[in-house]
Amino acid sequence: MDGFLELQMANATAAGRTQGAPDISGVRSEAEAREVAEEFESFFLSQMLEQMFTGVGEDNPFGGGPGERAFRGLLHEEYAKVMARSGGLGLADRLTGEILRYQEDGEI
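These numbers were taken from a predicted model, which means no experiment stands behind them. Here the residue numbering is sequential within each chain, running from 1 through the sequence in written order. Restriction of local features to residues with pLDDT of at least 70 applies here, the model being predicted, together with a cutoff of 80 or more for giving and counting side-chain atom pairs; totals for whole chains, interfaces and linings are based on all residues. Hydrogens and water are ignored here; the side-chain numbers use all heavy atoms of the structure.

**Describing the packing of helix α2 (residues 30–52) against helix α4 (residues 91–105)**
- Interaxial distance between α2 and α4 falls to 8 Å at its minimum, and their mutual angle equals 135°. In terms of axis orientation, α2 runs oblique to α4. Of the two possible hands of crossing, α2 and α4 adopt the one that is right-handed. Contact with α2, carried on its side by E30, A33, R34, V36, A37, E38, F40, E41 and F44, involves L91, A92, D93, L95, T96, I99 and L100 of α4 and no other residues of that element.
- Split by residue class, the contact of α2 with α4 holds ten nonpolar, one polar and five charged. Inter-axis angles, ranging from 0 to 180 degrees, are taken between N-to-C directions of lines fitted to C-alpha atoms, where helices are fitted over the stretch in contact. For helices the rule is a DSSP run of H or I covering at least 4 residues; for strands it is a run of E covering at least 2, with both sets numbered from the N terminus onward. Orientation is classified from the angle alone, with under 35 degrees giving roughly parallel, over 145 giving roughly antiparallel, 65 to 115 giving roughly perpendicular, and any other angle giving oblique. By convention the crossing between two helices is left-handed if the near helix lies anticlockwise of the far one by an angle smaller than a right angle, and right-handed if it lies clockwise. Two residues qualify as a contact provided that any one of their heavy atoms is within 4.5 Å of a heavy atom in the partner residue. When residues are sorted by character, Ala, Val, Leu, Ile, Met, Phe, Trp, Tyr, Cys and Pro go into the nonpolar class, Asp, Glu, Lys and Arg into the charged class, and all the rest, Gly among them, into the polar class.

**Considerations on the packing of α2 against helix α3 (residues 65–85)**
- For the pair α2 and α3, the least separation of the axes is 8 Å and the interaxial angle reads 130°. Judged on the interaxial angle alone, α3 and α2 are oblique. In this structure, the crossing between α2 and α3 has a hand that is right-handed. Packed against α2, whose contacting residues are E38, E41, S42, L45, S46, L49 and E50, the element α3 presents H76, E77, Y79, A80, K81, M83, A84 and R85 at the interface.
- In terms of residue class, the contact of α2 with α3 is made up of six nonpolar, three polar and six charged.

Following this line, the structure appears as structure tokens:
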């Protein structure tokens, strides 16, 4: 299983470099690694929330309209940031360890 995870991490790192993802080569401390990992988890959660709320109707007495449509993405981002800081799905914990391991191994 760890071999599969390493392959996925290597593929994600390579793909991320071409897609403008955060550059983890500049990470110099555990706090910086944690910040990058939480940023990634926040982005991931934001994408999940966006898909989750796609089917939610706007026909309620306190919602809808162009204002809600304009700011819905920002609301999802803020929800995701709070969720990631509160522990989220646990991705940030695992990613922090992987970023530090890659840094120690000299793979980044």
